[in-house]
Amino acid sequence: MGIWLELGIFGLVFVFAFWQMHDVRKAQEKTRQQRALEQTRKQAASTQTTDANTQNETT
């Protein structure tokens, strides 16, 4: 009887660990997407600034 209790507790801990890893992976993916979006915005802003400076110099 005691072995089944121990196996049940071990199973619950195992399931909880997998659930936590799933949440961590989702959070990491969200962070990657946010960083990529920020980098894209910075590149777009620097390109617009560079284009504006180039247009001002030629006029």
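Quick caveat, the model's predicted, so the values are computed rather than measured.

> Would you mind showing me how to read the packing of aromatic side chains here?
Within the structure shown, the criterion is met by three aromatic pairs. Connected via pairs of aromatic rings, a cluster forms that spans Phe10, Phe14 and Phe18.

> In this structure, what is going on with a nonpolar patch on the surface? I would like to understand it.
Taken together, the side chains of Ile3, Trp4 and Leu7 define a hydrophobic patch exposed on the protein surface, amounting to about 370 Å² of accessible area. With respect to the secondary-structure elements, Trp4 resides in helix 1 (residues 2–58).

> What exactly am I supposed to notice about the pattern of salt bridges here?
Per the counting criterion, the structure on display carries one salt bridge. The closest approach of N and O atoms between Glu29 and Arg32, which form a salt bridge, is 2.9 Å. Remark: Arg32 and Glu29 occur in helix 1; sequence separation between them is three residues, near one turn of the helix.

The rules behind these values
Residues numbered from 1 in each chain as written. Predicted model: local features only at pLDDT ≥ 70, side-chain atom pairs only at ≥ 80, totals over all residues. Heavy atoms only, no water. Phe/Tyr/Trp six-rings, centres within 6.5 Å; stacked < 30°, edge-to-face > 60°. Patch = residues over 30% accessible without salt bridge, like charges linked within 9 Å, V, L, I, M, F, W, Y side chains within 5 Å. Areas by Shrake-Rupley, 256 points an atom, 1.4 Å probe, with all protein chains shown as cover. Salt bridge = Lys/Arg side-chain N within 4 Å of Asp/Glu carboxyl O. Helix = DSSP H or I, 4+ residues; strand = E, 2+ residues; numbered from the N terminus.

Honestly, it's all geometry; don't read function into it.
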